[in-house]
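An overview of the molecular structure
The lines below spell out each chain.
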Amino acid sequence: MAAILIAACTPPPPTAALPALAAPQGPTRHVLQLVAASWPGGSNSLLCALELSSARIAMAGTSKDGLSLFNLSYDGENLVLDKNPLLPDTVDPRAIVADMQLIYWPAAALQDRLPPGWHLQTGATRRELFQGEEKIAEIVYLSSETDWPRHAELANLRYGYRLSIDTLSYELVSE
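To keep things clear, this report deals only with the structure shown in the data block. Worth saying up front: this structure is predicted, and the values here are computed from it rather than measured.

Definitions and limits used
Residues numbered from 1 in each chain as written. Predicted model: local features only at pLDDT ≥ 70, side-chain atom pairs only at ≥ 80, totals over all residues. Heavy atoms only, no water. Helix = DSSP H or I, 4+ residues; strand = E, 2+ residues; numbered from the N terminus. Buried < 20%, exposed > 50% of the residue type's maximum accessible area, 1.4 Å probe, protein only. Polar contact = N/O pair within 3.5 Å; in protein donor to acceptor, adjacent residues only side chain to side chain. Contact = heavy atoms within 4.5 Å. Phe/Tyr/Trp six-rings, centres within 6.5 Å; stacked < 30°, edge-to-face > 60°. Pairing = 2+ DSSP bridges.

**Quick notes on the side chain of Thr167**
Considering the arrangement of structural elements, one finds Thr167 in strand β10 (residues 161-172). Using a relative accessible area of 10% as the deciding quantity, one classes Thr167 as buried. At 3.4 Å, the side chain of Thr167 forms a polar contact with the side chain of Trp148. Each residue touching Thr167, except ones within four places of it in the same chain, is listed here: Val31, Leu32, Gln33, Tyr104, Trp148, Pro149 and Arg150.

Printed below as a string of structure tokens:
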């Protein structure tokens, strides 16, 4: 999500610097979120619709005005992106999924996918990602739901952006 919002203002993070993506996670659910991003010199927001299951992640992003920005699908191996031609070519879909997983995936599912020297520290209301001693990102959970925190903030300290995520709807789907 962050890559879409900041791509026009800053260079994208190198793909090699991103941890490997974790596998899709159940249970099956539909989620609608308002994502507000800020970075030095700007800010923007988008609506993000997610369809998540143990087999796939599907994500669609739209502007506040309803303009389709991207559609993304990830099955644990293949990532497919259909994006609006108005978006910069530098948008990295792996960064979109990586930020979402860093916020919402179980810590154990992420820890195994981190490169050597990276580690994740978790607490009741926060999560921090480190490369060696350098803190790369921190997440603060502003609500107490254990299945999917409805309000969260991510600060990417390395690339200088912040995300504020408000879940507008969350629906578990019977499989």
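Picking up after the structure, the text goes on.
**Some points on the packing of aromatic side chains**
What the rule picks out here adds up to two aromatic pairs. When the centroid spacing of 3.9 Å and the interplanar angle of 5° are considered together, the rings of Tyr104 and Trp148 count as stacked. Taken together, the positions of Tyr104 in helix α2 (residues 93-104) and Trp148 in the loop between β8 (134-141) and β9 (151-156) put the pair 44 residues apart, joining distant regions of the chain. The pair formed by Tyr104 and Trp148 is uniform in burial state, with each residue classed as buried. On the basis of an interplanar angle of 35° and a centroid distance of 5.9 Å, the ring pair of Trp148 and Tyr170 is categorised as tilted. On the criterion of sequence distance, the pair formed by Trp148 in the loop between β8 and β9 and Tyr170 in strand β10 is long-range, its members being 22 residues apart. Aromatic rings pair up to connect Tyr104, Trp148 and Tyr170 into one cluster.

**As for the pairing of strand β7 (residues 126-131)**
Across five bridges, strand β6 (residues 118-122) lies against β7 in antiparallel orientation. Along β7, the bridge assignment pairs Thr122 with Arg127. Hairpin remark: β6 followed by β7, antiparallel, with three residues in the connecting loop. As paired strands, β7 and β8 are joined by six bridges and run antiparallel to one another. In the sheet register, Arg126 faces β8, and the bridge partner there is Val140. Taken together, β7 and the strand that follows it, β8, pair antiparallel across an intervening segment of two residues, in which Gly132 is found at a positive phi of about 65°.

**Things to note about the pairing of β9**
Where a strand is regular, its side chains alternate between the two sheet faces. In this structure, β8 lies alongside β9, joined through five bridges in antiparallel fashion. Following the sheet pairing, Val140 is matched in β9 by Glu153. Examined bridge by bridge, β9 and β10 share six bridges and lie antiparallel to one another. Counted as the bridge partner of His151 is Asp166 from β10. Remark: four residues form the turn of the hairpin made by β9 and β10, two consecutive strands paired antiparallel; Gly160 in that turn has positive phi of roughly 70°.

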